[in-house]
Amino acid sequence: MKDARATEIATALEQLVQQDAEQAWWTASRDQMLDFSEDATPEATAYTVKFLSHQRPNSTLLPKAALWLMNHRNEGYWWSSTKQTAMVIYGLTDYLKATGELNPNMVATVLVNDVPVLTKKLDRATALGVPELTLDESRLQPGVNHIRVLTTGQGRLYYSTRVEYYSSDDKFQKTGNTSLNILREYFKLVPTKDGEKIVYDLAPLSGPAASGDSLAVRLTVTGSEWKYMMLEDPIPSGAEFIERDTSYELRTRPPWWQYFFTRRELHDDRMAIFQTYFPQGQQQYFYLLKVVNPGVFQVSPARVQPMYNSGVMATTESRRLEVK
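Residues numbered from 1 in each chain as written. Predicted model: local features only at pLDDT ≥ 70, side-chain atom pairs only at ≥ 80, totals over all residues. Heavy atoms only, no water.

J.: Help me out: how do you make sense of the pattern of salt bridges in this one?
T.: A side chain with one charge may pair with a side chain of the opposite charge, provided their charged atoms come close. Considering all chains together, one arrives at 16 salt bridges under this definition. Asp3 serves as the salt-bridge partner of Arg5, at 2.8 Å between the closest nitrogen and oxygen. For Asp3, a relative accessible area of 37% puts it in the partly exposed group. With a shortest N-O distance of 2.6 Å, Lys50 and Asp94 are connected by a salt bridge. Taken together, the positions of Lys50 in helix H2 (residues 41-55) and Asp94 in helix H4 (residues 82-99) put the pair 44 residues apart, joining distant regions of the chain. What makes Asp94 buried here is its relative accessible area of 12%. One network of salt bridges, with partners in common, ties together Glu232, Asp269, Arg270 and Arg303. (Salt bridge = Lys/Arg side-chain N within 4 Å of Asp/Glu carboxyl O. Buried < 20%, exposed > 50% of the residue type's maximum accessible area, 1.4 Å probe, protein only. Helix = DSSP H or I, 4+ residues; strand = E, 2+ residues; numbered from the N terminus.)

So, in structure tokens, the structure goes:
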């Protein structure tokens with residue numbers, strides 16, 4: 001806006017920076033838009049990078065701040081939430097315009113225990129492509145393994161690491177407290193005739209199901225007031241979603257057979273339910289499944305969390321589903 005105070009703001013920001021030999025960042029402990037306390041340092045740093053890219057494009061803090069942002073992708077490929085990821089990219093875009101970092105000409109090599117396992121040329125045509133690398137266990141040794149990334153040529157390479165693992169440890173089940181809790185229940189839809197039409201009764205699923213059965217899954221969430229709530233419920237491997245659940249008429253419709261959510265997504269392996277505002281108290285959600293394959297299936301816990309409060313989450317217990 002060509003406001004004369006921009007120079008004063010740039011100077012003040014440079015004085016507020018925290019830095020070490022390689023990185024620079026600006027701390028923030030509250031998300032003003034969502035109005036709760038949370039580490040918003042990535043967003044504060046991204047906004048500062050965007051501002052200084054215009055006001056002080058030659059500032060020595062800019063490459064250090066970009067490195068801090070890339071090193072703090074808490075989820076490996078992205079940042080802590082969709083909002084935080086969007087804001088960081090929003091800030092880095094202007095930095096990339098000012099520095100020309102999208103025009104590299106380099107070769108990157110990944111070494112595991114000093115043995116090259118991946119070599120890739122990065123230039124303007126290939127820089128945005130993420131190379132796939134799957135390591136056979138024969139390349140790893142018991143105990144400590146060393147990974148190095150080397151580059152030759154012009155440009156700057158950023159990388160991060162992410163570890164995923166699966167555990168059946170009970171400590172990952174039935175987590176929650178009075179501020180947020182979740183319960184999952186399965187019901188069987190039992191068909192019956194009402195004159196010339198078919199209607200359904202709900203019966204709690206206490207034993208095995210049969211191929212062709214229709215199931216209703218009820219998720220009960222209890223807690224304090226939250227914004228941008230997300231529920232994710234993994235489905236059994238032997239079942240598929242019934243998308244048109246409105247076609248099932250119940251003889252006696254329970255009060256929880258309602259559509260309280262803001263949005264619902266049917267993924268290959270899980271149901272995702274979103275609610276923009278969750279009032280204090282209790283809400284119940286449901287969806288339908290069709291049992292397809294026989295077998296014994298382990299169903300992972302359902303979980304609920306405010307999408308932008310990374311430290312809050314509740315889970316149900318896991319359960320087994322036997323299909324005969």
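J.: Would you take a moment to explain the sheet that holds strand S18 (residues 314-315) for this structure?
T.: Backbone hydrogen bonds hold the strands of a sheet together, and the pairing may be parallel or antiparallel. With antiparallel pairing, the five strands of this open sheet are ordered in space as S13-S14-S11-S17-S18. Of all the strands in the sheet, the pair left with one neighbour each is strand S13 (263-266) and S18. Across two bridges, the pairing between strand S17 (residues 303-306) and S18 is antiparallel. What sits directly across from Val304, in S18, is Ala314. (Pairing = 2+ DSSP bridges.)

J.: Even after reading the chapter, I still don't get helix H1 (residues 6-16), so can you show me in this structure?
T.: Since one α-helical turn is 3.6 residues long, residues separated by three or four positions face the same way. Among the residues making up H1, those that are buried are Ala6, Ala10 and Leu13. Looking straight down H1, one finds its buried side chains confined to an arc of 65°; they lie on one side. Set apart from the buried face of H1 by more than 90 degrees, the exposed residues are Glu8, Gln15 and Leu16. Looking at the buried positions of H1, the neighbouring elements they touch are H2. (Arc of directions from axis to C-beta. Contact = heavy atoms within 4.5 Å.)

J.: Looking at this structure, I do not really get the nonpolar core. What am I missing?
T.: A general feature of soluble globular proteins is that nonpolar side chains tend to end up buried together. With 29 residues, the main nonpolar core has Val221, Leu231, Tyr287, Leu289 and Val304 as its most contacted residues. Breaking this core down by element, the ones donating at least two residues are strand S8 (180-194), strand S10 (214-223), strand S11 (226-234), strand S12 (239-241), strand S14 (270-278), strand S15 (281-291), strand S16 (295-299) and strand S19 (319-323). Excluding residues within four positions of it along the chain, Val221 makes contact with Leu180, Asn181, Ile182, Leu231, Phe278, Gly281, Gln282, Gln283, Tyr285 and Val304. Core analysis: the next-biggest nonpolar cluster, separate from the first, contains 20 residues, Ala24, Trp25, Val49 and Leu52 among them. (Core = buried A, V, L, I, M, F, W, Y, C linked by side-chain atoms within 4.5 Å.)

J.: Which parts of the structure should I look at to understand the packing of helix H3 (residues 61-71) against H4?
T.: In the contact formed by H3 and H4, the axes pass within 11 Å of each other and the chain directions differ by 150°. Both H3 and H4 take part in a crossing whose hand is left-handed. When H3 is examined against H4, the residues Leu62, Pro63, Ala66, Leu69 and Met70 are found in contact with a partner set consisting of Val88, Leu92 and Tyr95. In terms of residue class, the contact of H3 with H4 is built from eight nonpolar, no polar and no charged. (Axes fitted to C-alpha atoms, helices over the stretch in contact; angles between N-to-C directions. Left-handed = near helix turned anticlockwise from the far one by under 90°. Nonpolar A, V, L, I, M, F, W, Y, C, P; charged D, E, K, R; others polar.)

J.: It is not clear to me how the environment of Tyr90 should be interpreted in this structure. Could you clarify?
T.: By the element assignment, Tyr90 lies in helix H4. Classification of Tyr90 as partly exposed rests on a relative accessible area of 42%. The contacts of Tyr90, once residues within four sequence positions are left out, are Tyr47 and Lys50.

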